[in-house]
Amino acid sequence: MDLYSGIINQLIEEFASLPGIGQKSAQRLAFHIVNMPKDQVDRFATVMKEAREKICYCRECFTLTDREICPICANTRRDHSTIMVVETTRDMAAYEKTAKYDGVYHVLHGAISPMLGIGPGDIRLKELIVRLEKDVSEVIIATNSTLEGETTAMYISKLIKPTGIKCTRIASGVPVGGDLEYIDEVTLLRALDGRTEL
Ligand code: ZN
């Protein structure tokens, strides 16, 4: 039975399709939108559309950005010979928040997962290997401590070994199964400082 008018139902369904939003939250958000000032809704809709249209991958590190080269890669004061490999742009943001890491990043956009049928070709690994042809002194693998993250770390370290480039893995101060973006800055820094060579 339809409790609300078609368009409200539609709005609820759209919200409910987002990650982490259940039916109840979706209803709450939908009614919130309906009661919001019109210009605020316009702004919200415009930003959402613009973000989808303008956000692209950085040509160097493949993070999400609205420029060809992201501000981190474009920053000449950063150490471009140290590359930290992370699974997502959010993981990169977590390390950026510590303001203690001055190297650059490489965003894989996922991790290898035989269970889900995600292979090395499905994440930005080829692009990482291309970057290694430049002047790189260390690759820090900061994938999550999940099965997928560890599998990916092992895979990358095997690829890097023959190049002779130093390859390290962040310490397991990051809890097993832990998503980098939810871990506090102190733990992240400890994990980075305690990294070990693979
Ligand atoms: Zn970049």
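Below is a short write-up of the structure. (Residues numbered from 1 in each chain as written. Predicted model: local features only at pLDDT ≥ 70, side-chain atom pairs only at ≥ 80, totals over all residues. Heavy atoms only, no water.)

### A look at the side chain of Glu138
Along the chain, Glu138 falls in strand E5 (residues 138–141). Taking relative accessible area as the criterion, Glu138 reaches 7% and is therefore assigned buried. Of the polar contacts made by the side chain of Glu138, one reaches the side chain of Thr168; its length is 2.7 Å. A polar contact is formed between the side chain of Glu138 and the side chain of Arg195, at a distance of 2.7 Å. Among all residues touching Glu138, those that are not within four sequence positions of it are Ser81, Thr82, Ile83, Ile165, Lys166, Thr168 and Arg195. (Helix = DSSP H or I, 4+ residues; strand = E, 2+ residues; numbered from the N terminus. Buried < 20%, exposed > 50% of the residue type's maximum accessible area, 1.4 Å probe, protein only. Polar contact = N/O pair within 3.5 Å; in protein donor to acceptor, adjacent residues only side chain to side chain. Contact = heavy atoms within 4.5 Å.)

### Looking at the pattern of salt bridges
Applying the stated criterion across every chain, the model contains eight salt bridges. Of the charged contacts in the structure, one is a salt bridge between Asp66 and Arg67, with a shortest N-O distance of 3.8 Å. Under the relative-accessibility criterion, Asp66 is labelled exposed at 52%. In this structure, Glu127 and Arg124 form a salt bridge, with 3.2 Å as the shortest nitrogen-oxygen distance. (Salt bridge = Lys/Arg side-chain N within 4 Å of Asp/Glu carboxyl O.)

### Structural notes on helix H8 (residues 185–193)
The α-helix winds at 3.6 residues per turn, so residues separated by three or four positions along the chain end up facing the same way. Among all positions of H8, only Thr187, Leu188, Leu189, Ala191 and Leu192 are buried. Tucked inside the fold, the buried residues of H8 contact strand E3 (79–86), helix H5 (89–98) and E5.

### Thoughts on a nonpolar patch on the surface
A contiguous nonpolar patch, built from Ile55, Tyr57 and Leu64 and spanning about 270 Å² of accessible area, is present on the exposed surface. With respect to the helices and strands, Tyr57 occurs in strand E1 (residues 56–57). Under the relative-accessibility criterion, Tyr57 is labelled partly exposed at 41%. (Patch = residues over 30% accessible without salt bridge, like charges linked within 9 Å, V, L, I, M, F, W, Y side chains within 5 Å. Areas by Shrake-Rupley, 256 points an atom, 1.4 Å probe, with all protein chains shown as cover.)

### Some thoughts on the sheet that holds strand E4 (residues 103–107)
One open sheet accounts for five strands, arranged E4-E3-E5-E6-E7; its pairing is mixed. Each end of this open sheet is capped by a strand with a single partner; those strands are E4 and strand E7 (196–197). As defined by bridge partners, strand E6 (residues 166–169) adjoins E7 across two bridges and the pair is classed as antiparallel. Residue Thr168 lies in a different strand from E7, and its bridge partner there is Glu197. Strands in contact with H5 are E3 and E4; relative to E4, the strand with the most contacts, it is inclined by about 160 degrees. (Pairing = 2+ DSSP bridges. Axes fitted to C-alpha atoms, helices over the stretch in contact; angles between N-to-C directions.)

### Side note on helix H7 (residues 147–160)
Taking 1.5 Å of rise per residue, the 14 residues of H7 would be expected to cover 20 Å, and the 20 Å separating its terminal C-alpha atoms lies within 8% of that figure. Taken residue by residue, H7 has Gly149, Thr152, Ala153, Ile156, Ser157 and Ile160 as its buried positions. End-on view of H7: buried residues confined to an arc of 135 degrees, all on one side of the axis. Projecting away from the buried face of H7 at angles above 90 degrees are the exposed residues Leu147 and Lys158. Looking at the buried positions of H7, the neighbouring elements they touch are E3, helix H6 (125–131), E5 and E6. (Expected span 1.5 Å × (residues − 1). Arc of directions from axis to C-beta.)

### Concerning the pairing of E3
Counting buried positions along E3 yields six of eight residues, so the element is predominantly enclosed. Pairing geometry for E3 and E4, over five bridges, is parallel. Paired with Val86 across the strands is Val107, a residue of E4.

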